[in-house]
Amino acid sequence: MAAQESSAYSALSVDTLTARLANLSAITRHVGQDTAAWKVREVGDGNLNLVFIVDGPSGSVIVKQALPYVRLVGDSWPLPLKRAFFEYNALTRQAQRDPHSVPDIYHFDESQALIVMEFLQPHIILRGKLIKGERVADLGDVLGKFCARTAFRGSDLSMDTTNKKEDVALFQGNADLCDISESLVFTDPYYDAERNHHTPQLDPVIASLRNDVELKTQAQHMLARFASNTETMCHGDLHTGSIMCTDVETKIIDPEFAFYGPIGFDLGMLVANFLMAYFSQPAHRAAGELEDYQNWVLQVIADLHASYIAEFTHLWNSERTGMLYPASMFKDQGHSSQGALEDRLAMIWEDAMGICGIEMHRRILSLAHNADFEAIEDTSVRAPLEARNLEMGRQLVLTRSDIKDVDALTALARSYNTKDIL
Ligand code: SR1
Ligand code: MG
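Parameters at a glance
- Residues numbered from 1 in each chain as written.
- Chains lettered and ligands numbered in written order.
- Predicted model: local features only at pLDDT ≥ 70, side-chain atom pairs only at ≥ 80, totals over all residues.
- Heavy atoms only, no water.
- Near = heavy atom within 4 Å.
- Polar contact = N/O pair within 3.5 Å; in protein donor to acceptor, adjacent residues only side chain to side chain.
- Areas by Shrake-Rupley, 256 points an atom, 1.4 Å probe, with all protein chains shown as cover.
- Helix = DSSP H or I, 4+ residues; strand = E, 2+ residues; numbered from the N terminus.
- Nonpolar A, V, L, I, M, F, W, Y, C, P; charged D, E, K, R; others polar.
- Pairing = 2+ DSSP bridges.
- Axes fitted to C-alpha atoms, helices over the stretch in contact; angles between N-to-C directions.
- Core = buried A, V, L, I, M, F, W, Y, C linked by side-chain atoms within 4.5 Å.
- Buried < 20%, exposed > 50% of the residue type's maximum accessible area, 1.4 Å probe, protein only.
- Contact = heavy atoms within 4.5 Å.
- Disulfide = S-S within 2.5 Å.
- Salt bridge = Lys/Arg side-chain N within 4 Å of Asp/Glu carboxyl O.
- Parallel < 35°, antiparallel > 145°, perpendicular 65-115°, else oblique.
- Left-handed = near helix turned anticlockwise from the far one by under 90°.
- 1 Å grid on protein atoms, 1.4 Å probe; cavity = no way out; pocket = protein on both sides within 12 Å on 5 of 7 lines; lining within 4 Å.
- Points joined across faces, edges and corners; volume = space filled by probe spheres on them.

As a matter of local geometry, ligand 1 sits amid Asn47, Leu48, Val70, Trp77, Ile180, Leu184, Asp237, His239, Phe257, Arg362, Arg363 and Ala368. Here Asn47 contributes a side-chain N or O atom positioned 2.6 Å from an oxygen atom of ligand 1. The separation between an oxygen atom of ligand 1 and a polar side-chain atom of Asp237 is 2.7 Å. Out of a free accessible area of 320 Å², ligand 1 has 95% covered by protein chains. Every element with two or more residues in the shell around ligand 1 is listed here: helix H7 (175-185) and helix H12 (338-365). Among the residues making up the shell around ligand 1, the classes are represented as seven nonpolar, two polar and three charged.

Spatially, E1-E2-E3-E7-E6 is the arrangement adopted by the five strands of the open sheet, whose pairing is antiparallel. If you trace the sheet from one side to the other, it starts and ends with strand E1 (39-42) and strand E6 (105-109), each paired once. With strand direction ignored, the average angle separating the axes of adjacent strands in the sheet is 20°. Strand direction decides the pairing type here: E6 and strand E7 (residues 114-118), joined by four bridges, are antiparallel. Directly across from His107, in E7, lies its bridge partner Val116.

Before going further, it helps to examine the nonpolar core. By size, the foremost hydrophobic cluster in this structure holds 105 residues, and its most contacted members are Phe274, Leu275, Tyr308, Phe312, Met392, Leu396 and Leu409. Apart from the residues lying within four places of it in its own chain, the contact partners of Leu275 are Leu298, Ile301, Cys356, Met360, Asn389, Met392, Leu396, Leu409 and Ala413. Formed by 18 residues, the second largest nonpolar core is a distinct cluster that contains Leu24, Val40, Leu114 and Val116.

Moving on, we come to the sheet that holds strand E10 (residues 243-245). What the three strands build is an open sheet, ordered E8-E10-E11; its pairing is antiparallel. The outermost strands of the open sheet, each flanked by one partner alone, are strand E8 (124-125) and strand E11 (250-252). Along the sheet face, helix H5 (residues 139-153) touches E10 and E11 and points at about 30° away from the line of E11.

Checked against the element boundaries, Asn389 lands in helix H14 (residues 379-398). Relative accessible area serves as the criterion here: at 0%, Asn389 is assigned to the buried category. Apart from residues no more than four positions distant in its own chain, Asn389 is found in contact with Leu275, Met276, Phe279, Met360, Ile364 and Phe373.

Glancing now at the environment of Cys178. With respect to the secondary-structure elements, Cys178 resides in helix H7. In sequence terms Cys178 and Ala258 are 80 residues apart; their C-alpha atoms lie 8.3 Å from each other. Not counting residues within four places of it along the chain, the set of residues in contact with Cys178 comprises Phe226 and Phe259.

Burial of strand E2 (residues 49-56) is extensive: seven of the eight residues sit out of reach of the surface. As judged from the four bridges shared by E1 and E2, these two strands associate in the antiparallel manner. By the bridge assignment for E2, Lys39 is matched with Asp55. The turn joining E1 and E2, which pair antiparallel and follow one another in sequence, is formed by six residues.

Here we come to the state of the cysteines. Summed over all chains, the structure comprises zero disulfides. Sulfur of Cys245: no disulfide; nearest cysteine sulfur belongs to Cys147 and is 13 Å away. Among the residues examined, Cys245 registers a relative accessible area of 0% and is labelled buried. Free of any disulfide, Cys356 has its nearest cysteine sulfur in Cys147, 12 Å distant. Given a relative accessible area of 0%, Cys356 falls into the buried group.

Taken as a whole and judged by the stated rule, the model has 27 salt bridges. Between Arg344 and Glu231 there is a salt bridge whose closest N-O contact spans 3.2 Å. You can see Arg344 sitting in helix H12 and its partner Glu231 sitting in the loop between helix H9 (213-228) and strand E9 (232-234), a full 113 residues away along the chain. If you follow the salt bridges from partner to partner, you end up with Lys129, Lys132, Glu134 and Asp247 in one network.

Direction vectors running N to C along H5 and helix H10 (residues 264-280) enclose 155°, while the axes themselves pass 10 Å from each other. Here H5 lies roughly antiparallel to H10, going by the angle between them. The crossing of H5 and H10 is right-handed. In this structure, H5 contributes Leu139, Leu143 and Cys147 to the contact, and H10 contributes Asp266, Leu270 and Phe274. Across the contact of H5 with H10, the residue classes break down as five nonpolar, no polar and one charged.

Turning our attention to the layout of surface pockets. Its volume calculated, the second largest pocket comes out at about 270 Å³. Along the walls of the second largest pocket sit 16 residues, with Glu342, Leu345, Ala346, Trp349 and Lys404 positioned nearest its centre. Broken down by secondary-structure element, the contributors of at least two residues to the lining of the second largest pocket are helix H11 (287-318) and H12. Per-element tally for the lining of the second largest pocket: the top contributor is H12, with seven residues.

Time to look at unusual backbone geometry. Cis geometry is adopted by the peptide bond preceding Pro122, which originates at Gln121 and carries an omega value of 10°. Tracing the backbone through its elements, the reader meets Pro122 in the loop between E7 and E8. For Asp254, which is not glycine, the phi torsion reads 65° and is therefore positive. Counting through the fold element by element, Asp254 comes out in the loop between E11 and strand E12 (259-261).

The structure is reproduced here in structure tokens:
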């Protein structure tokens, strides 16, 4: 599994992969040694990388390789290969912090920016399931545990402080990927940046958002926290396209944007993506099934929150071995740390609500949109749904400290879901 070859980087292709990786035991032991029987497909549909499935007589693997540029845009936007190193390191930490939550890693080659990993089958990308109206058992529960475990176990609540600082220093190297988030997520949505695009009918709503100085100010306050608060290792891009599911199993993929940042970051981004699934549903569901399915999506958010709180609380009470809120100051003095826990959870939730609103904006206003809305071809249907999402996002950013719990959040979503904004 450790890094091996040190040959010069060269992007793989369907035609070259078999010859180049034929001797890699990490592949042959999973797919078989008869390379003549290997079948290679390139299936990457994300914004950045090559993703190959290698099928053989004994099984299949994924070969993921970073490109030296942003795939979505082309070679006019160079991007360091080093992101594969951060993805590999993030995956190994997530596997320790929440076992079985991520694909097994079979091999990492730093010079080729290449990771060989478990082929998740028959899993598909969660966003596709949400657009199709499919349900996943225990979805909120699994995702809440993942967010809580990776957040807690990657923080000063759990880690040895020297190890934590060394890991923060390591992941500070993922600067180019952070730079993408700093621009595309936190900044570009709020002015007419070059790479932006949007549904034309949204012009009046967007003009109002971009003239809202308080909104822009609050978004920049959130960016300041993103850039300078190193509470825990975040996945960094935890949307419904970074989750693969069957009807009963959920796995998290693609942590190349990993960084040490605010604990509420992953939770907020994830909730935003469920809200976008929710607001887009009127275009994807027949009237008879719409209400039930939208209720299910909101229930996933409620489950996610409940699971997060329960798991974080459990870890607080059973694994608080880091420098923060030590037993020497609380338990050993006969003092409860329950108030401190509740304060921390409230701060995490407030950050999550701010990030949530910003993510709801950037997926409609910035470069990288999502299929929940983009798959709605008729822009006169798409725009009013996007408008609800944008205005709720604004309220979340501006009043994030007032959204006290998940019931307040889901009630807000229900109210925006009936608004005629355009
Ligand atoms: C240029 S990359 C655009 C977006 O795709 C990734 O999945 C991240 O969400 C990033 O913001
Ligand atoms: Mg990704």
